[in-house]
Amino acid sequence: MVSRDAPIPILVSVSGPILSFCTRTHSNAHSSVPPQPVPPLLQTLQRYLTALEPLLPPDELQHTRKIVQKFGCPGGLGEKLQRELIKRAKHSHNWISDWWVQWAYLECRQPLAVHSNPAISLPNRDFTDWRGQLVFASKLIAGVLDFKAQVDSGKLALEYMRGQPLCMELFPQLFSSCRIPGPKHDHVVHYGRPRRGPAHITVVRNYQFFQLDVYNSDGTPLTESQIHAQLLRIRSQSWKTDKQPMGILTSEHRHTWGQAYTRLLRDKINKESVRLIEKSIFTLCLDSPVMRISDEKYSSRMAAQILHGGGTFSNSGNRWFDKTLQFVVGEDGSWGLLYEHATAEGPPISTLLDHVLEYCKKPDRVRAPLIPLPMPKKLYFYINSEIKWDLEMAKQNLDILINDLDIKCFNFQHFGKEFVKQLKLSPNSFIQVAIQLAYYRVHSEVCAACDIASLRMFRGGRTDYIRSPTNQMLSFIRAFDDDAREAKVQLLREAVDAVIFDQSLMGQGIDRHLLGLKLQAIEEGLSLPRIFMDTAYGLATHWKLRTGQVPTNTDSVMCFGPLAPDGYAVCYNPQQDHVHFSVTAFNCCEETNAEKLALTLERSLRDLQELFQPTV
């Protein structure tokens, strides 16, 4: 399980206003986005202490206060490290992003499946067999290629938030990119070049991988009918399920997969096949139908299918978890997207999905040219005894991980964001309070919890954390079962107002700054400052609650695994009159229970609603 300052998957930005668009394109927009600032040292240290107040008893807080004051005193180590960060900011594209990606993603050794890659499960399409599956998959592929054409040509509309242009640098990185395992850390390769990049995608069905060229010889993309004809050919070549699901190797612990990767690539055939997967524009996973279950559990099952494939006897062999983009289409009408997090955060993914959804509404009016297409190329693997052993271990470990993950998705239908807006409160902050209230009711404490703020207002910006536990939230939670209604309403308003997003959105969050100070000390070969060895810092970064908002216009569900072995991940998608939730926890921890937290969260939301709608 993750026990470090680890990555937080997030689909749409996250917290903050919905994005707006402008007809101005991103090709000339980089100069208008300012560099990311280094926050003032004393400001960060003071906000760090404030964030610790609801988490620590007074005596421990006083001990930590002395350590922090010594670190930030004039002429102290903090000032020295701060000067170096400011110098770094002047001479780098972004002073923290490269460090963050390396530290949080590429050096993290946990499996990408469950622990890192986020899954987005979208509303079912209106088909229930393989014929409808291939028709929809053809349109989906065409829609993604249409979006890629906008990115490559520089015609993608520039996005704005609060009137400020956003950095668009991550969009080209979505295509033809892949994470590569290594013995100590991974790296990301990007093969996409607008005019001379790869011209194929990877299609995987029944654990078999195929290279599908998606452009004609003149550079034009295949039409939907051409793509459909090629998918029919792939289906005819993949009737039987491969005995050896090679994709499951990518679900392993990164060190283990790194060693197996080296062994795999010793063979020329394997190396060619792996390189074609890595270079492909994206991967399409054509999944077999899964066992029918009750409507109540269906959304949880579908989210799990997108997230990890359901296990070695289901569709997990239809994944290559290192690929940046994997679109999943099931025979039963289910579909979604799984993405690798080191390459990009959720906002570009959200823009891509919105484009694909709009594209899928359009009829196919382009006639297929009468040009014979080459047969899609099946990718072969030579499996010796070592690789077979690696596969057996990977299958066992993935099934253990999948069985350990508890997923509960539900649709809260009593109110949505419109009700909260009528109260003149932030829907996101309101839900954060409800999540903390539910956690407190289950565990009798508040805990370190984080939502995500996008830093795309700055050049090369990625994310920072928004810490939801505050003194005001703790006061409200403790008073909830005892105080009078009027007092609770006032405390709730104070708690909601105290969950502040603006600081992080404007580059003034505390967590990336603290990480930068820590990594600067490491880079200079210094002993780790006491502030980072203090038990309070360990507590403050042991995220028992990782949360993510998905403010899209579709009834999608995002899910990901907890960051801590004794923690939860809670994702929510607020719509006008309802809210979709997913809650995950690990079964191996006796203290946590995803279903119990989900039921308590639903009750907590109803209780908050009744504060403003008292029964007569």
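Residues numbered from 1 in each chain as written. Predicted model: local features only at pLDDT ≥ 70, side-chain atom pairs only at ≥ 80, totals over all residues. Heavy atoms only, no water.

Draft legend 1. Layout of the nonpolar core. Ranked by internal contacts, the top residues of the largest apolar core, which has 98 residues, are Tyr 48, Phe 430, Phe 476 and Phe 581. Looking at this core element by element, the count peaks at 9 residues for helix 13 (residues 427-443). Discounting residues that sit within four places of it in the chain, Tyr 48 has contacts with Val 68, Ile 510, Leu 514, Ile 531, Ala 536, Tyr 537 and Ala 540. Of all hydrophobic cores here, the second largest spans 54 residues; its members include Leu 122, Ile 141, Val 151 and Leu 373. (Core = buried A, V, L, I, M, F, W, Y, C linked by side-chain atoms within 4.5 Å. Buried < 20%, exposed > 50% of the residue type's maximum accessible area, 1.4 Å probe, protein only. Helix = DSSP H or I, 4+ residues; strand = E, 2+ residues; numbered from the N terminus. Contact = heavy atoms within 4.5 Å.)

Draft legend 2. Fine view of the environment of Lys 378. Secondary-structure assignment places Lys 378 in strand 12 (residues 377-378). On a C-alpha basis, the gap between Lys 378 and Gly 336 in space is 24 Å, while along the polypeptide they are 42 residues apart. When sequence neighbours within four positions are dropped, the list of residues in contact with Lys 378 reads Gln 208, Phe 209, Phe 210 and Asp 242. A distance of 2.6 Å separates polar atoms of two side chains, one belonging to Lys 378 and the other to Gln 208. (Polar contact = N/O pair within 3.5 Å; in protein donor to acceptor, adjacent residues only side chain to side chain.)

Draft legend 3. The pattern of salt bridges, seen in detail. Going through the model one piece at a time under the given rule, you end up with 24 salt bridges. Between Arg 319 and Asp 287 there is a salt bridge, and its shortest N-O distance comes to 2.8 Å. Of this pair, Arg 319 sits in the loop between helix 9 (295-308) and strand 10 (325-330) while Asp 287 sits in strand 9 (residues 283-287), and the two are 32 residues apart along the sequence. Linked through salt bridges whose partners overlap, the residues forming this network are Arg 109, Arg 179, Asp 186, Arg 254, Asp 322 and Glu 340. (Salt bridge = Lys/Arg side-chain N within 4 Å of Asp/Glu carboxyl O.)

Draft legend 4. Quick look at the sheet that holds strand 19 (residues 579-586). One open sheet accounts for 6 strands, arranged 13-19-18-16-14-15; its pairing is mixed. Only two strands of the sheet have a single neighbouring strand rather than two, namely strand 13 (405-412) and strand 15 (463-467). Here the strands of the sheet are splayed against their neighbours by 25° on average, with no regard to which way each runs. Taken together, the 2 bridges between strand 14 (residues 449-454) and strand 16 (residues 545-549) define a ladder with parallel strand orientation. When the bridges of strand 16 are listed, Cys 450 appears paired with Arg 546. (Pairing = 2+ DSSP bridges. Axes fitted to C-alpha atoms, helices over the stretch in contact; angles between N-to-C directions.)

So far we have only geometry, and geometry alone does not tell us how the molecule works.
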